[in-house]
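Letter by letter, the chains look like this.
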Amino acid sequence: MIEFSVIDWAAWAPGITTRAEWQAWAKAPWLPAGDDTPALSEVPAMQRRRIERLGRMAIQTACWCEQPDDGGQVPLVFASRHGDVARSMELLNTLSADQPMSPTGFGLSVHNAIAALYSIARGHRGNYLALAAGRATVETACVEAFGLLADGAPEVRLVVYESPLPPIYAGFADEPDPFFAWCWRLGPADGQGTRLSLGWGAGGEDRPSQGLPHGLEALRFLLDGGPALGLDADGQHWTWQRHG
């Protein structure tokens, strides 16, 4: 079991952009839908043009959680089950049509591309990583963040972001897949903020999510004040608990 504190948070989804809207959503959740895109005014226009919608959502929440005195050194964990898979699908379609791939398109399709774009745009010089771990992506990202805290980082920023699968992959979806992104500022368990624990062990069969993707279930757990949250995935049982 690991413990840490969520010092602050930010989130963005179509139709839910302010903290007040997210707090209301946590009490009566619904699947985000719409064509909205964050303004992302923190990033210069020339760089912003290279960032697709999913990247704008993720980077916007990361920017909202920045601190003026962090010096661009706070470790970052970017986590997404599928990343910008729509861009990858475009590249595969280009290959199937026997057309040359765009080097820029390829470079921006890799799983750490959004993290790299954020790092370049915001002058971030600290450690960052990008990961994917199926339905347990949030939990795995928290384990990574806890490891960074244990190594001495005073805090870690965790960015979780998702988008709908392309139609050709829709049959493989095991949970709803709306656009959304959120960021948590994580610190040691004995610090300020909401103290959470995360445990794991042998579990049962994977249970499909009902109503919300697990990434949004985790955010709702933080916001609605619930005492616990569970997940069975890949034979592993994960348990969240709130303390205090």
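Scroll up a little and you will see the structure.
Thresholds applied
- Per chain, residue numbering runs from 1 following the sequence as it is written.
- Residues qualify for local features only when their pLDDT is at least 70, as the model is predicted, and side-chain atom pairs are given and counted only at 80 or more; totals for whole chains, interfaces and linings, by contrast, use all residues.
- As a rule here, side-chain values come from all non-hydrogen atoms in the structure, and water together with hydrogens is ignored.
- Numbered from the N terminus, helices here are DSSP runs of H or I no shorter than four residues, and strands are runs of E no shorter than two.
- What counts as a salt bridge is simple: a side-chain nitrogen of Lys or Arg found within 4 Å of a carboxyl oxygen of Asp or Glu.
- Burial here depends on accessible area, computed with a 1.4 Å probe over protein chains only, as a share of the maximum for the residue type. Under 20% is buried, over 50% is exposed, and the range in between is partly exposed.
- To qualify as a nonpolar core, a set must consist of buried Ala, Val, Leu, Ile, Met, Phe, Trp, Tyr and Cys residues joined through side-chain atoms within 4.5 Å.
- Between two residues, a contact is recorded if the distance between any of their heavy atoms is within 4.5 Å.
- Strand pairing is assigned whenever DSSP detects at least two bridges linking the two strands.
- Every axis corresponds to a line fitted to the C-alpha atoms, with the helix fit spanning only the stretch in contact, and the corresponding angles, defined between N-to-C directions, vary from 0 to 180 degrees.

Trainee: Please explain the environment of Ala141 as it appears in this structure.
Mentor: Within the fold, Ala141 resides in helix α7 (residues 137-150). Note: C-alpha distance between Ala141 and Leu129 (12 residues apart in sequence) is 9.6 Å.

Trainee: I'm lost on the pattern of salt bridges in this one. Help?
Mentor: Proximity of charged atoms lets side chains of opposite charge pair with each other. Evaluation of the coordinates by the stated rule reveals 9 salt bridges. As a salt-bridge pair, Arg122 and Glu66 come within 2.6 Å of each other at their nearest N and O atoms. Of this pair, Arg122 sits in helix α6 (residues 113-122) while Glu66 sits in the loop between α3 (53-64) and β2 (76-79), placing them 56 residues apart in sequence. Judged by its relative accessible area of 31%, Arg122 falls in the partly exposed class.

Trainee: How should I be thinking about the nonpolar core in this particular structure?
Mentor: Nonpolar side chains tend to gather and get buried jointly when the protein is soluble and globular. The biggest cluster of nonpolar side chains holds 42 residues, and the ones touching the most others in it are Phe4, Trp22, Leu158, Trp182, Trp184 and Trp240. Aside from chain neighbours lying at most four places away, what touches Trp184 is Val6, Asp8, Trp9, Cys142, Val156, Arg157, Leu158, Leu196, Ala218, Leu219, Leu222 and Trp240. In terms of nonpolar packing, the next biggest core, distinct from the first, is built from 24 residues, Ala62, Ile114, Tyr118 and Cys183 among them.

Trainee: Please explain the sheet that holds β2 as it appears in this structure.
Mentor: Two orientations exist for strands paired in a sheet by backbone hydrogen bonds: parallel and antiparallel. The sheet built from 8 strands is open, its strands ordered β3-β2-β4-β5-β1-β6-β8-β7 with mixed pairing. Across the chains shown, the open sheet's two edge strands, defined by having one partner strand only, are β3 (128-131) and β7 (228-233). Shown here is a sheet whose adjacent strand axes are inclined to one another by a mean of 25°, direction ignored. Both β7 and strand β8 (residues 236-243) contribute to a ladder of 6 bridges, which runs antiparallel.

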